[in-house]
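Residue-level structure breakdown
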Amino acid sequence: MESPFSQPFADGPTEPMLSVYRYVLETFPMLGRAPTLAETKRNLGLDERAIADALKSLEEYDALKLDPATGWIGDAYPYSPSETRHEVVFRSGKRVYCMCAIDCFYVPFLTGSDVTIYSTCHLCERAIEIQVAGQKVLVVEPSSTLVWDSDAPYDCPTTNFFCCEAHLREWRDRTPGEPGTARSLDGALERGRAAAVQIRRVLGV
Ligand SMILES: [Zn+2]
């Protein structure tokens, strides 16, 4: 992944931007949702205006998306506030939805935690389970699982798991011209690692 952001943080993100972004990415996987305005104010000691400005700037970088209905945080890559077909479960039992198959692989690197990824084959809906421990893919069911990666840095509805090469091929036959790359799970893990490294560099964590 080139960068998880639509443009580099060239002008230097402001301190409120960084602290809001850091707080959102830390709390989202723990809560399974974005923090509320009240939680953000209380924990960061910022006023509403500073938080709103920081969120707007973060949206311009595609670090997150604001919900047009509420003006508050919607998606915060890799995390989704609403149910998706990709769920990541921590050892603690806490769970969070991710935007796409590749986004699931950000999580062990962003959080430093072992995780289990639950998803389904995009073609046949067969259940898929992947354990990532010690930042390695350890257990996969079914073992033939692979990823179709749309190669988009964000907005990735066509980035999905498939239970086997035959089902990926069948889906591609049905949707000719769909851009992307087939990846092994180790390849997908590397994409997640690279994106998380970029995010952590921006955050200084
Ligand atoms: Zn399948």
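These remarks concern the structure in this document.

What counts, and where the lines are drawn
Residues numbered from 1 in each chain as written. Predicted model: local features only at pLDDT ≥ 70, side-chain atom pairs only at ≥ 80, totals over all residues. Heavy atoms only, no water. Buried < 20%, exposed > 50% of the residue type's maximum accessible area, 1.4 Å probe, protein only. Helix = DSSP H or I, 4+ residues; strand = E, 2+ residues; numbered from the N terminus. Pairing = 2+ DSSP bridges. Core = buried A, V, L, I, M, F, W, Y, C linked by side-chain atoms within 4.5 Å. Domains from an automatic or database assignment. Donors = N, O, S within 2.8 Å, 3.2 Å for Na, K, Ca; no water. Tetrahedral: all angles 85-135°; square planar, octahedral: opposite > 155°, others 65-115°. Axes fitted to C-alpha atoms, helices over the stretch in contact; angles between N-to-C directions. Contact = heavy atoms within 4.5 Å.

**Examining the pairing of strand β3 (residues 95-98)**
Along β3, the buried face is formed by V96 and C98; none of R95 and Y97, which line the opposite face, is buried. Direction of pairing for strand β2 (residues 86-90) relative to β3: antiparallel, over a ladder of four bridges. Of the residues in β3, the one forming a bridge with H86 is C98. Joining the antiparallel neighbours β2 and β3 is a turn of four residues, in which G93 adopts a positive phi near 95°.

**Remarks on the nonpolar core**
Core analysis: the biggest nonpolar cluster contains 63 residues, and F105, I117, I130 and F161 have the highest contact counts within it. Built from parts of two domains, this core gets at least three residues from each of domain 1 (15-78) and domain 2 (80-203).

**Considering the coordination of the zinc ion**
Within the first shell, the zinc ion binds the protein through C121 (SG), C124 (SG), C163 (SG) and H167 (ND1), at distances of 2.1 to 2.3 Å. Relative to the metal, the four donor atoms surrounding the zinc ion lie at angles of 95 to 122°, and the coordination shape comes out tetrahedral. Sequence spacing of the donors to the zinc ion: C-x2-C-x38-C-x3-H. With C121 in the loop between β4 (115-120) and β5 (127-133) and C163 in the loop between β8 (160-162) and α6 (165-174), this pair connects stretches of sequence that are 42 residues apart. The pair formed by C121 and C163 is uniform in burial state, with each residue classed as buried.

**Description of the sheet that holds β8**
Across the sheet, three strands lie side by side as β8-β7-β9; this open sheet has antiparallel pairing. In this open sheet, the two strands that pair with only one neighbour each are β8 and β9 (181-183). Direction aside, the axes of adjacent strands within the sheet are offset by 30° on average. Each of β7 (146-149), β8 and β9 touches α6; the most contacted strand, β7, lies at about 25° to it.

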